[in-house]
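The primary structure of each chain is shown beneath.
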Amino acid sequence: MTTILVTGGTGTLGRLVVERLRAGGHEVRALSRHSEPYAVDLRAGGAALDAAVAGVDTIVHCATAQKGDEQAAQNLIRAARGAGVRHLVYVSIVGVDEVPFPYYRSKLAVERLVEGSGIGWTVLRATQFHDLLIMMFQGLSKLPVMFLPAGVRDQPVEVAEVADRLVELAAAAPAGRVEDMGGPEERPLAAFARAYLKASGRRRAVVNVPLWGAAYRGFRSGGHLAPRRAVGKGSFEEHLKRRFGGGHVPSGSGRSGV
């Protein structure tokens, strides 16, 4: 079994990757900014990062932030090359080359750093996690009316399934850019919002608002979707039931109106 370092090892995705790798018999180092013994700020790098990477065969790079991802990747790649790491696995997002959203642009830049690292690499793009939609809806539902971008559809995927796929890729040889991973169904964002409101017991009017800008056009055109790679099994309704409990939440149709 190999020694594997997981960046963002205490995050939503990273902790599941760590658990699954350890269950598979691998020696795993979970790196995060505040969790010992591998407490490292990737954006700063330095001796602590070098020590965390020393003796590692494979890195699964799950760490991400709203700012600083490119610097973090540069530091990680520099340390990985110095330590002789043979395989760097990176999880990215479907549509980073289609939607000119600042965070997506940063993820695409990190992809290019990984590809040019000189290390054997694998990049998996996944659609957004169910948890992200819930977090967004929780924020938007603080108002009496939930305002959503008009004409936008989504295709969320279960984070545990992405973790399973990353573990599979980490245990294999470097594979380059692998096939995207999308959730089981694509629906209007408003349909997911209404399912969330019902499951959480909130009453809010849902209003679709036209926006503007290149990023909005990219989302509206479906650049962040992977309809041909709807390989995920867990539905948004199933995730809501686990999160909020209660009875059955009926699923909306794949082409329900906004």
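Residues numbered from 1 in each chain as written. Predicted model: local features only at pLDDT ≥ 70, side-chain atom pairs only at ≥ 80, totals over all residues. Heavy atoms only, no water.

Trainee: Where do I start with the overall build of the protein in this structure?
Mentor: In terms of helices and strands, the protein carries 9 helices and 10 strands. Its C-alpha radius of gyration of 19 Å places the protein within 12% of the 18 Å reference for a compact globule of 258 residues. Its C-alpha atoms give the protein principal-axis dimensions of roughly 55 × 40 × 35 Å. The contacts in the protein between residues at least 6 apart in sequence include a share of 79% that link residues at least 24 apart. Side-chain charges in the protein split into 33 positive and 24 negative, and the spacing between the mean points of these groups amounts to 7 Å. (Helix = DSSP H or I, 4+ residues; strand = E, 2+ residues; numbered from the N terminus. Rg over C-alpha atoms; globule rule 2.2 N^0.38 Å. Contact = heavy atoms within 4.5 Å. Lys, Arg positive; Asp, Glu negative; His and termini not counted. Charge placed at Lys NZ, Arg CZ, Asp CG, Glu CD.)

Trainee: What's the story with the confidence of the model for the protein in this structure? I'm lost.
Mentor: A low pLDDT score tells you not to read the predicted coordinates there in detail. On average, residues of the protein score 93 in pLDDT, and 95% of them reach the 70 mark or higher. Taken as a whole, residues 247-258 scores under 50 in pLDDT and shows 27 contacts with residues more than four places along the chain or in a different chain. (pLDDT = per-residue confidence, 0-100.)

Trainee: How should I be thinking about empty space enclosed by the protein in this particular structure?
Mentor: With a probe scaled to a water molecule rolled over the atoms, the places where space remains empty come into view. For the structure on display, the rule yields 1 cavity of 30 Å³ or more. By volume, the largest cavity amounts to about 30 Å³. If you go around the largest cavity, the residues you meet are H130, P156, P184, E185, R187, F192, G234, S235 and F236. Looking at side-chain class alone, the lining of the largest cavity contains 4 nonpolar, 3 polar and 2 charged residues. (1 Å grid on protein atoms, 1.4 Å probe; cavity = no way out; pocket = protein on both sides within 12 Å on 5 of 7 lines; lining within 4 Å. Points joined across faces, edges and corners; volume = space filled by probe spheres on them. Nonpolar A, V, L, I, M, F, W, Y, C, P; charged D, E, K, R; others polar.)

Trainee: Please explain helix α9 (residues 236-244) as it appears in this structure.
Mentor: Owing to its 3.6 residues per turn, the α-helix brings residues three or four apart onto one side. All of the buried residues along α9 are F236, E237, H239 and L240. Buried residues of α9, viewed axially, fall in a sector of 155 degrees; they line one side. On its buried face, α9 is in contact with α5 (130-140), β9 (187-188) and α7 (189-200). Looking at the residues trailing α9, positive phi occurs at G245, about 75 degrees. (Buried < 20%, exposed > 50% of the residue type's maximum accessible area, 1.4 Å probe, protein only. Arc of directions from axis to C-beta.)

Trainee: Would you mind showing me how to read the pattern of salt bridges here?
Mentor: Here the idea is simple: oppositely charged side chains can pair when their charged atoms come close. Under the defined criterion, the tally for this structure stands at 11 salt bridges. Between R125 and E111 there is a salt bridge, and its shortest N-O distance comes to 2.8 Å. One end of the pair, R125, is in strand β5 (residues 120-126); the other, E111, is in helix α4 (residues 102-115), with 14 residues separating them in the sequence. With respect to class, R125 is no different from E111; both count as buried. (Salt bridge = Lys/Arg side-chain N within 4 Å of Asp/Glu carboxyl O.)

Trainee: Which parts of the structure should I look at to understand the packing of helix α1 (residues 14-23) against helix α6 (residues 159-170)?
Mentor: Helix packing geometry: the angle between the two helix axes and the distance between the axes. Between α1 and α6, whose axes approach to 9 Å, the crossing angle comes to 50 degrees. Taken together, the axis directions place α1 and α6 in an arrangement best described as oblique. Judged by the twist between their axes, the crossing of α1 over α6 is right-handed. Across the interface between the two elements, L16, V17, R20 and L21 of α1 pack against V159, A160, A163, D164, L166 and V167 of α6. Considered class by class, the residues forming the contact of α1 with α6 number 8 nonpolar, no polar and 2 charged. (Axes fitted to C-alpha atoms, helices over the stretch in contact; angles between N-to-C directions. Parallel < 35°, antiparallel > 145°, perpendicular 65-115°, else oblique. Left-handed = near helix turned anticlockwise from the far one by under 90°.)

Trainee: Just to check I follow, could you spell out the sheet that holds strand β8 (residues 176-177) for this structure?
Mentor: Strands pair in a sheet through their backbones, by hydrogen bonds, and they do so in one of two ways: parallel or antiparallel. Read across the sheet, 6 strands follow the order β2-β1-β3-β4-β5-β8 without closing on themselves; strand pairing throughout is parallel. Of all strands in the sheet, those with a lone pairing partner are β2 (27-31) and β8, marking the two edges. In the sheet, strand β3 (residues 58-61) pairs with strand β4 (residues 87-93) via 4 bridges, with the strands oriented parallel. What sits directly across from I59, in β4, is L88. Here α6 sits on the sheet and contacts β1 (3-7), β3, β4 and β5; the angle it forms with β4, its principal contact strand, is near 155 degrees. (Pairing = 2+ DSSP bridges.)

Trainee: Quick question: what am I supposed to make of the packing of α7 against α9 here?
Mentor: Running from N to C, α7 and α9 point in directions that differ by 25 degrees, and their axes come no closer than 10 Å. Taken together, the axes of α7 and α9 lie roughly parallel to each other. Between α7 and α9 lies a crossing whose hand is right-handed. Here α7 contributes F192, A195, Y196, A199 and S200 to the contact with α9, which in turn contributes F236, E237, L240 and F244. When its residues are assigned to classes, the contact of α7 with α9 shows 7 nonpolar, 1 polar and 1 charged.

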